[in-house]
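In case you want the letters, here they are:
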Amino acid sequence: MADQNNKNVDALAQEITLKSRGQGKLRQFILWMGALIIGAILGWQHIPALNELFNFIAAVFTRLFQFIAIPTVSLAVITTLSMLGAKKDTGRIFGHAVVYTLLTTICAAAVGLGLFLWIAPGNLPLDVIGAGAAQVPEKLGHVTYYDHFLSVIPNNIMKPYLEGNVLSVMFISASVGLAFAFMPRTEGREAVLKVLFGLQELLFTLIKALLYVLPIGILAFAGQLSAQIEAGVIVGALGKYTAVVIGGNLIQFFIVIPLFLLFRGLNPVDVFRKMSPAVAVALFTKSSAATLPVTLASAEDNLKAHPAVARFVLPICTTINMNGCAAFILVTSLFVMQNAGIELTMGTMIAWLFIAVLAAIGNAGVPMGCYFLTLSLMSSIGAPIGLLGIILPIYTIIDMIETAENVWSDASVCAMVDHDLQGKLDDSSGDDMPQFQGA
């Protein structure tokens, strides 16, 4: 029976991977890398007209990213939290899942911060990030943490969306999502939710269209970067930045998460072996949502997790448990602010650690969701976002590693919650919970 379950999971993993290839994931990766190489070669030629064209295209894509980011984050938070309900055992399962999600995500961000301080990526030349540094508000250094916290609490529902204040947007979205979760199941509630889910589908379609033409943007960003390389300064700074992000993900993957499992009395090697089909699919598809059917099948058939735990924890964790995203948001935000001349005191970095954790929990479960969210955060404080364009060409590699780490963390949270609640759940409590069919 166990062998049959393993075969079923492997077949599902192969099906999802082949489907992903059929949807052009491999082709997309080749296009992105090709655009990166061609852009670098063209930028190296120092052709003025071509460089101006690259600058224009990069500016267009930056504006498109800003346009899509805020509504993506908002709708993702609202629709995810609206799914929380009063099903049997839901509160108990959710409580355990949230505790482990917070702990693992905080650890991921802390590891990223530690590596950032140790490796200490340098600053890029001023002309690389352009005049953006001059646009940082003068008052930014004089704003107290009290003022910053107060600014997150909105006094106008539309103002945060118009100003791009992503923390306020997340506050509003979380409030609305929780209100949907606990309000009576009336026809009005269902009608409004249908509209919100419809808007989210529309937004995902726009994101797919943006990703379809993204090779042009990568070509332009790579050309900009290549044209502005000076004495290896950029390569060194970006290399150290990349080492911090990827190194933090690998430490979280191979050391921190296994330590959590060991602490709860679980064998990390055994859990990884049983969940490895999902991790492998995540690495290729770069999408936790696309991997979710394999993650669910692996958890129920291989890990033998209680259906009520697996079918509730894993879909929720796909959105809120973003270890890799938290590290990326924190390290990238610190790198951008450092290049903007913003003083990074220990208090500032710790404050941003918790901002990164909260932002990652509210991150949209879509391709490049972490990138969109980081861009929104930097825009909301007035930091120069041109640097995000320079980071974009290498993000495709970072995204693969982050997604695999996120799915491994999801699986581990599911295993720990199932272990904690073993024998405490009603055997029939998972029967009324629908199977997730994938995205």
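Residues numbered from 1 in each chain as written. Predicted model: local features only at pLDDT ≥ 70, side-chain atom pairs only at ≥ 80, totals over all residues. Heavy atoms only, no water.

## Things to note about the overall build of the protein
Selection rule: Runs of H or I in DSSP of at least four residues are treated as helices and runs of E of at least two as strands, each being numbered from the N terminus. In this scheme, a residue with accessible area under 20% of its type's maximum is buried, one over 50% is exposed, and one in between is partly exposed, where area comes from a 1.4 Å probe on protein chains only. Whether two residues touch is decided by their heavy atoms; if any such pair falls within 4.5 Å, the residues are in contact. Throughout, the Shrake-Rupley method with a 1.4 Å probe supplies accessible areas, and for residues the shown protein chains are the sole cover considered.
Counting secondary structure elements, the protein contains 17 helices and zero strands. Going through the 439 residues of the protein one by one, you find that 53% of them count as buried. Sequence separation of 24 or more characterises 85% of the internal contacts of the protein that already satisfy a separation of 6 or more. Split by element, the accessible area of the protein, about 19400 Å² in all, is 67% carbon and sulfur.

## Points about the packing of helix H4 (residues 90–119) against helix H14 (residues 323–339)
Which entries qualify depends on this criterion: Axis definition: a line fit to C-alpha positions, over the contact stretch in the case of helices; interaxial angles, taken between N-to-C directions, run 0 to 180 degrees. Take the far helix as the reference: if the near one is turned anticlockwise from it by less than a right angle, the crossing is left-handed, and if turned clockwise, right-handed. Any residue outside Ala, Val, Leu, Ile, Met, Phe, Trp, Tyr, Cys, Pro, Asp, Glu, Lys and Arg is labelled polar, Gly included; the first ten of those are nonpolar and the last four are charged.
Two numbers describe how H4 lies on H14: the axes approach to 8 Å, and their chain directions differ by 35°. Considering how the two elements wind past one another, H4 and H14 form a crossing that is right-handed. Seen from H4, the contacting residues are Thr104, Thr105, Ala108, Ala109, Gly112, Leu113 and Phe116; seen from H14, they are Asn323, Ala326, Ala327, Leu330, Val331, Leu334, Phe335 and Gln338. Per-class residue counts for the contact of H4 with H14 are ten nonpolar, five polar and no charged.

## As for the confidence of the model for the protein
Applied cut-off: As a per-residue measure, pLDDT tells how confident the predictor is, with possible values from 0 to 100.
Confidence along the protein averages 77 in pLDDT terms, with 73% of residues attaining 70 or more. Confidence drops under pLDDT 50 across residues 130–145; counting only partners more than four residues distant or on other chains, this segment forms 18 contacts.

## Overview of unusual backbone geometry
One non-glycine residue, Ala120, lies in the positive phi region at around 50°. With respect to the helices and strands, Ala120 occurs in the loop between H4 and helix H5 (145–152). A relative accessible area of 42% means that Ala120 is categorised as partly exposed. In the Ramachandran plot, Lys304 falls in the positive-phi region, its phi being about 60° despite a non-glycine side chain. If you trace the backbone, Lys304 turns up in the loop between helix H12 (288–302) and helix H13 (307–320).

## So, the packing of aromatic side chains
In plain terms, the rule: In this analysis, rings of Phe, Tyr and Trp, with Trp reduced to its six-membered ring, are considered paired at centre separations within 6.5 Å, and the interplanar angle assigns stacked below 30 degrees, edge-to-face beyond 60, and tilted for intermediate values.
Throughout the structure, instances matching the rule amount to six aromatic pairs. With centroids separated by 6.2 Å and ring planes inclined at 85°, the aromatic side chains of Phe94 and Phe312 adopt a geometry described as edge-to-face. Of this pair, Phe94 sits in helix H4 while Phe312 sits in helix H13, and the two are 218 residues apart along the sequence. The class of Phe312 is buried, set by a relative accessible area of 7%. An angle of 55° between the planes, with centres 4.8 Å apart, marks the rings of Phe253 and Phe254 as tilted. Grouped by ring-pair contacts, the aromatic residues Phe253, Phe254, Phe272 and Trp408 constitute a single cluster.

## Points about the environment of Gly34
In this fold, Gly34 is placed in helix H2 (residues 25–44). Judged by relative accessible area, which is 25%, Gly34 ranks as partly exposed.

## Description of the packing of H4 against H13
Defined as follows: The scheme is simple: roughly parallel for angles under 35 degrees, roughly antiparallel for over 145, roughly perpendicular for 65 to 115, oblique for anything else.
Between H4 and H13, the least distance of the axes is 10 Å, while the angle of their chain directions is 40°. Overall, the two elements H4 and H13 adopt an arrangement that is oblique. In the packing of H4 onto H13, the handedness of the crossing is right-handed. On H13, the residues that touch Thr90, Ile93, Phe94, Ala97 and Thr101 of H4 are Ala308, Val309, Phe312, Val313, Ile316, Cys317 and Ile320. Considered class by class, the residues forming the contact of H4 with H13 number ten nonpolar, two polar and no charged.

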